[in-house]
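Results of the structural survey
Listed below, chain by chain, are the residues.
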Amino acid sequence: KQYAYDLIRKVFYKKVTHSFVASPEILLFYSSNPKLMKFFLFVTVFVFALFFGSCDMSNRNAAMDSSQMDTIVCAGEDDTPLDSIIAKIEYVKLRSREDHPVGAIDNLMITPDHIIVADYNLSKSIFVFDRQGQIQTVISRLGRGPQEYLSISDVILTPDQKRIAVLDNHGKKILYYDLAGNFLFHKVTPFYGWNIKYLDEENMLVVTYGLGADDPGLASYPHNRDLLYCVDTMMRIRKSFMPNQFSRELSSYCSPNVRQFNNNRVYATHIYSDTVYQVTPEKMIPRYRIDLSPVDGIANFWEGLTPEKHKARMDKSFFTGNFFEDDRFAIFQLFGGVPLVLFSKETKRCYYLGKRSSTALGLYVGSVEFAYKDRFITVMPAYQLLHITDSFADQRYQKLAAEIAAGLTEDDDPVLLFYTLREPNH
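Structure report, in brief.

The rules we used
In this convention, every chain numbers its residues from 1, walking through the sequence in written order. For this predicted model, a pLDDT threshold of at least 70 governs which residues receive local features, and a threshold of 80 or more governs which side-chain atom pairs are given and counted, while totals over whole chains, interfaces and linings are taken from all residues. Calculation of side-chain values draws on the structure's entire complement of heavy atoms; hydrogens and water are dropped beforehand. A run of H or I in DSSP counts as a helix once it spans at least four residues, and a run of E counts as a strand once it spans at least two, with each numbered from the N terminus. Only heavy atoms enter the contact rule, under which two residues are in contact if any of them lie within 4.5 Å. All accessibility values rest on the Shrake-Rupley procedure with a 1.4 Å probe; residue burial counts only the protein chains present in the view. For each residue, the accessible area found with a 1.4 Å probe, counting protein chains only, is set against the maximum for its type, and the residue is called buried under 20%, exposed over 50%, and partly exposed in between. Throughout, the arc means that of the directions going from the helix axis to the C-beta atoms. Each Phe, Tyr or Trp ring, with Trp reduced to its six-membered ring, pairs with another whose centre is within 6.5 Å; inter-plane angles below 30 degrees give stacked pairs, above 60 give edge-to-face pairs, and intermediate values give tilted ones. Counted as over-ring charges are cases with an Arg CZ or a Lys NZ within 6 Å of the ring centre that also lie within 35 degrees of the ring normal. Charged residues are defined narrowly, with Lys and Arg counted positive, Asp and Glu counted negative, and His plus the chain ends left uncounted. Salt bridge, as used here, is a side-chain nitrogen of Lys or Arg placed within 4 Å of a carboxyl oxygen of Asp or Glu. What qualifies as a polar contact is a pair of N or O atoms within 3.5 Å, subject to a donor-acceptor requirement within protein and to the restriction that residues adjacent in sequence count only when both atoms come from side chains. Each cavity reported here is a set of points on a 1 Å grid over the protein atoms alone in which a 1.4 Å probe fits but cannot get out, each pocket an open set with protein on both sides within 12 Å along at least five of seven lines, and each lining residue one with an atom within 4 Å of a point. Grid points are joined across faces, edges and corners, and a volume is the space filled by probe spheres set on the points. Note that Gly is not counted as nonpolar here; it falls among the polar residues with everything else outside the nonpolar set of Ala, Val, Leu, Ile, Met, Phe, Trp, Tyr, Cys and Pro and the charged set of Asp, Glu, Lys and Arg. Between any two strands, at least two bridges found by DSSP are needed for them to pair. Each axis is a line fitted through C-alpha atoms, and for a helix only the stretch in contact is used; angles between axes span 0 to 180 degrees, taken between their N-to-C directions. Throughout this description, the term nonpolar core refers to a set of buried Ala, Val, Leu, Ile, Met, Phe, Trp, Tyr and Cys residues connected via side-chain atoms within 4.5 Å. Any pair of cysteine sulfurs within 2.5 Å is marked as a disulfide.

This part covers the overall build of the chain. The helix and strand tally for the chain stands at eight helices and 25 strands. Across the chain, contacts joining residues at least 24 apart in sequence account for 57% of those joining residues at least 6 apart. Counting every atom, the chain has about 20,300 Å² of accessible surface; 54% of that belongs to carbon and sulfur.

Here you go:
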């Protein structure tokens, strides 16, 4: 049924509906031929029957195949020095305009030719740099006009990496700009979302706050307690996933942690869950399960949630949903004194990373914020780099630290540190 729907949607919706909208004379052509008109009406009714008849089925999570899921075993103590996994450290000094500096880096996107930085709250701007960190353009369009945004909730790249999409939650729209900063067009969002990700060229994932029926755009939707919504290019809901497990009495924070890596892999984790899912237009696929049993942690915290259990959560270890993945490794950050877990996709081994590193630069591997291809990325404020250059015990990074700090002032833009990791030698 779903295959038939997708096939007809691709062929009929694109070829017939679009051409009909663009060319009304198509209707005359069909009406002049009874057989074609009969086929046209049959397909139309069939499509609508499939769409509405399968709405309930399509909104429920598909049966989840766990055969591709890796288990991430937690540990109480670390046993892998950070320096043993660092193969290479590279850096990029960002150089924005003096009158328009980068305040903070809330999102970072990299293409073969550009580094795109989004500062949601301080400068409320998007900065486009070349790969050497030199500023190319700044998108700063705060306002109420048709080409402006009231706020920045999220910034992403389109799948072709040629356009920047800005989610303005307060304005209920997504604005599109090219990499030169020119406004292109906008789309109205029918409901409130705080995060967006492209699943492919035809499907976008919208992450909601869990308002349910209180969101006017979702009030009539049968599964409005879901948190993840797959929409098509016209912002129409195709599927939804991950029902909200929280109530107003227990927690006001219920949105899942959603991340995208290399512009094609989208993952979602419900807060206090033990499973990381890859989200596709059709279903959620479990990819990683966090085994908290060795540290007596709480898995699937929201199951059987009570006010007492919610209050006592700080006494236990749990998975916060902070997870980063490059092409070779995955990093999991947990709460409750549990070491950072580094997982090798190749060997399927877990390494436990504490602070047993003799270099200040090495310590920042534990605070990665982004990933690109085979590298993890840490954002380091210029003033921090200037203050740690004299504190190295390991001579291997003295020269690199001095090189990065050369010419920096405390007021300069942050520096991007790129870590290429390796398997530790045992």
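Taken together, the buried positions of helix α8 (residues 398-405) are L400, A401, I404 and A405. The arc that holds the buried residues of α8, viewed along the axis, is 130°, so those residues lie on one side.

With that settled, consider the packing of aromatic side chains. The final tally for this structure, using the stated rule, is 15 aromatic pairs. For the ring pair Y267 and F323, a centre distance of 5.2 Å and an interplane angle of 80° mean the geometry is edge-to-face. With a gap of 56 residues between them, Y267 in strand β16 (residues 265-269) and F323 in strand β19 (residues 318-325) connect regions that are remote in the sequence. Residue classification places F323 among the buried positions, given a relative accessible area of 1%. An aromatic cluster of at least three residues, connected via ring pairs, comprises F261, Y267, Y288, F319, F323, F332 and F343. Directly above the ring of Y192 sits K172, whose terminal nitrogen or CZ lies 4.6 Å from the centroid.

Attention now goes to the side chain of D274. Mapped onto the elements of the fold, D274 is located in the loop between β16 and β17 (275-279). For the buried D274, no salt bridge exists, and the shortest N-O distance to an oppositely charged side chain is 4.6 Å, to R289. Of the polar contacts made by the side chain of D274, one reaches the side chain of T275; its length is 3.0 Å. Sequence-distant contacts of D274, that is, excluding residues within four places in its chain, are made with Y288, R289, I290, A299 and N300.

Another point: the layout of surface pockets. Here the idea is plain: a probe the size of a water molecule rolls over the atoms and shows the empty space left. Its boundaries defined by the atoms lining it, the largest pocket holds a volume of some 800 Å³. Together, 36 residues line the largest pocket, and N107, K197, R259, Q260 and F370 are the ones closest to its centre. When contributions to the lining of the largest pocket are tallied by element, the ones reaching two or more residues are β3 (107-110), β7 (154-157), β11 (195-200), β15 (257-261), β19 and β23 (370-372). A total of five residues in the lining of the largest pocket trace back to one element, the largest contributor, which is β15. Here the lining of the largest pocket is built from residues that sort into 20 nonpolar, eleven polar and five charged.

The sheet built from five strands is open, its strands ordered β1-β18-β17-β16-β15 with mixed pairing. Each of the sheet's edge strands pairs with one partner strand only, and the pair in question is β1 (70-73) and β15. Averaged over all adjacent pairs, the angle separating strand axes in this sheet is 25°, with direction ignored.

In this section: the sheet that holds strand β8 (residues 163-168). Read across the sheet, four strands follow the order β7-β8-β9-β10 without closing on themselves; strand pairing throughout is antiparallel. Only two strands of the sheet have a single partner each, and these edge strands are β7 and β10 (183-188). Here the average twist between neighbouring strands, direction ignored, is 20°. In this structure, β8 lies alongside strand β9 (residues 173-178), joined through six bridges in antiparallel fashion. By the bridge assignment, A165 is partnered in β9 with Y176.

We now examine the nonpolar core. The biggest cluster of nonpolar side chains holds 48 residues, and the ones touching the most others in it are Y288, F323, F332 and L334. With 17 residues, the next largest nonpolar core counts L94, V102, L108 and V117 among its residues.

Take the state of the cysteines next. Overall, the coordinates contain zero disulfides when judged by the stated rule. This cysteine, C74, is not joined by any disulfide, and C350 carries the nearest cysteine sulfur, 8.1 Å off. With relative accessibility at 2%, the residue C74 sits in the buried group.

In this section: the pattern of salt bridges. Under the definition given, this model contains 14 salt bridges. Between R375 and E90 there is a salt bridge whose closest N-O contact spans 3.4 Å. With R375 in strand β24 (residues 375-380) and E90 in strand β2 (residues 86-93), the pair connects residues that are 285 residues apart, well separated along the chain. Accessibility expressed as a relative area gives 16% for R375, which makes it buried. The partner of D374 in a salt bridge is R375, and the shortest N-O contact between them spans 3.5 Å. Ionic contacts of the salt-bridge type, sharing partners, join the residues R265, E325, D327 and K345 into one network.

With respect to the helices and strands, the residue T320 is situated in strand β19. You can call T320 partly exposed: its relative accessible area is 26%. Separated by 47 residues in the primary sequence, T320 and S273 have C-alpha atoms spaced 7.9 Å apart. Discounting chain neighbours no more than four positions away, the residues touching T320 are N257, Q333, L334 and F335. Side-chain polar atoms of T320 contact the backbone nitrogen of N322, separated by 3.2 Å. A polar contact is formed between the side chain of T320 and the backbone oxygen of Q333, at a distance of 3.1 Å.

Side chains on a regular strand alternate between the two faces of the sheet. Judged from the five bridges that link them, β9 and β10 form a sheet pairing that is antiparallel. When the sheet's bridge partners are listed, Y177 is paired in β10 with F183. Linking β9 to β10, which pair antiparallel, is a turn of four residues; within it G181 sits at a positive phi near 90°.

As for its placement among the helices and strands, L227 is situated in strand β13 (residues 226-231). Between the alpha carbons of L227 and S240 there is a distance of 7.4 Å; along the sequence they are 13 residues apart.

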